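The primary structure of each chain is shown beneath.
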Amino acid sequence: RYALACLYYSTGGDYWIDNSLWLSDNDECSWFSLSPQSEKCHANGMYRNLDLSFNGLSGILPSELGLLAELETLASESDSTSKTIGGVLPPEIGRLSRLKILNLRGNSIFGAIRPQLASLRNLEVLDFSMNAFALTLPPQMGEMASLKVVDLSMNRLTGGLPTSFNALTKLERLSLGSNKLSDRVSLGRQLSSLTVLNLEQNRFTSIDSSIGQLKALETLTVYENGLTGPFPSGIGSLVSLRRLSMH
C-alpha cells in the first residue's frame, strides 16, 4: 500500500483520468488499474499486475516501486503530449525480479537505461519507445535471458549495438529505430527466434555478414543509416525474409 501511495502522489494521482478507490480504505487490489480484477493481485494479496496506461500520469516514478516484490506487469503507456512521466528511471525497478512486462512507451523519461535492469531475468517485454533515453545501451542487457520483445525506438541512444545482445536467444522482436546508434551491426545465429529487426534512422555504418544466420528473420529495416561499402552478403541467406527496407 505504501509503494502504491508513493506512486499516486509522485504522478499527480489527484488529476488522473481515473483514480477510483485509490488511497481509500478499500483493499488496494480493488484500486483502479487496467488489469482485469482477477489478475491484479496474487492469492496472497500482493500486487501482481499494475497497468495505468493512458490515465494521465505525470511526474516521476518513485523509487518505492521497488517494494512491489511480486509485480509481474508494470505499465504506464502514454499518448499525451502534455501529461507524461518524466525524470530518470529509478534503479530500484531492478529489484522487481518477477516482472514479465515493463511498458513505459510514450513518456518523457530521460537519462541512461539502467544496468540494474539486467536483474530482471524473467522480463519478456521491454518497451521504452518514444521517450528521451540517452547514452549507450548497457551490455548487461544481454543477461536478460527471457526477453522476447525489446522496443527502444524513438529515443536518443548513442554508441554501438552491444554484442551481448546475441545472448538473448528467446528474442523475437528488436526495434531500435530513430536513435543515434552507430558502428557495425553484428548479430548472429544465437538469435534463432528473431523475426523482426528494426534499425532504421540511426548511424550504423555496416552490417556484418553474420546477419545471414538469422534464419527466422522476416522483417529487416535499415533505411536512413550511414551504411557504406558493398551490399551485406549475408542478407541473401535470410530464407524467411519477407520485408526488406534499405533505401
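A. Spatial organisation of the overall build of the chain. Across its full length, the chain holds two helices and 16 strands. Relative to its length of 247 residues, the chain is compact, with a C-alpha radius of gyration of 19 Å against a globular reference of 18 Å. Within the chain, counting contacts between residues at least 6 apart in sequence, those at least 24 apart form 46% of the total. Averaging the positions of the 21 positive and the 23 negative side-chain charges in the chain gives two centres separated by 7 Å.

B. Local environment of the state of the cysteines. In this structure the tally under the stated criterion is one disulfide. Bridging C29 to C41, the disulfide has an S-S length of 2.0 Å. Here C29 and C41 share a disulfide; its torsion about the S-S bond, -110 degrees, makes the bridge left-handed. One end of the pair, C29, is in the loop between helix 1 (2–10) and helix 2 (37–40); the other, C41, is in the loop between helix 2 and strand 1 (49–51), and 12 residues separate them in sequence. In this pair, the class of C29 matches that of C41, namely buried. The closest cysteine sulfur to the non-disulfide-bonded C6 is located on C41, 17 Å from its own sulfur.

C. Geometry of the nonpolar core. W22, L102, F128, L152 and L197 are the most contacted members of the largest nonpolar core, which has 63 residues in total. Every element with two or more residues in this core is listed here: helix 1, strand 12 (180–185) and strand 14 (203–207). Here the element with the most residues in this core is helix 1; it accounts for four residues. What L197 contacts, discounting residues up to four positions off in sequence, is L174, L187, I211, L214, L217, T219, L220 and T221.

D. Molecular detail of the sheet that holds strand 10 (residues 156–159). Judged by pairing direction, the sheet is parallel, and its five strands sit side by side in the order 6-8-10-12-14 without closing on themselves. The open sheet has two edge strands, strand 6 (110–111) and strand 14, and neither has a second partner. Across two bridges, the pairing between strand 10 and strand 12 is parallel. Bridge pairing links G159 to L181 in strand 12.

E. Looking closely at the environment of D183. The residue D183 is located in strand 12 in this model. Accessibility expressed as a relative area gives 45% for D183, which makes it partly exposed. Sequence separation of D183 and G159 is 24 residues, and the distance between their C-alpha atoms is 7.3 Å. Excluding residues within four positions of it along the chain, D183 makes contact with G160, R203, F204, T205 and S206.

About the cut-offs
- Residues numbered from 1 in each chain as written.
- Predicted model: local features only at pLDDT ≥ 70, side-chain atom pairs only at ≥ 80, totals over all residues.
- Heavy atoms only, no water.
- Helix = DSSP H or I, 4+ residues; strand = E, 2+ residues; numbered from the N terminus.
- Rg over C-alpha atoms; globule rule 2.2 N^0.38 Å.
- Contact = heavy atoms within 4.5 Å.
- Lys, Arg positive; Asp, Glu negative; His and termini not counted.
- Charge placed at Lys NZ, Arg CZ, Asp CG, Glu CD.
- Disulfide = S-S within 2.5 Å.
- Buried < 20%, exposed > 50% of the residue type's maximum accessible area, 1.4 Å probe, protein only.
- Core = buried A, V, L, I, M, F, W, Y, C linked by side-chain atoms within 4.5 Å.
- Pairing = 2+ DSSP bridges.

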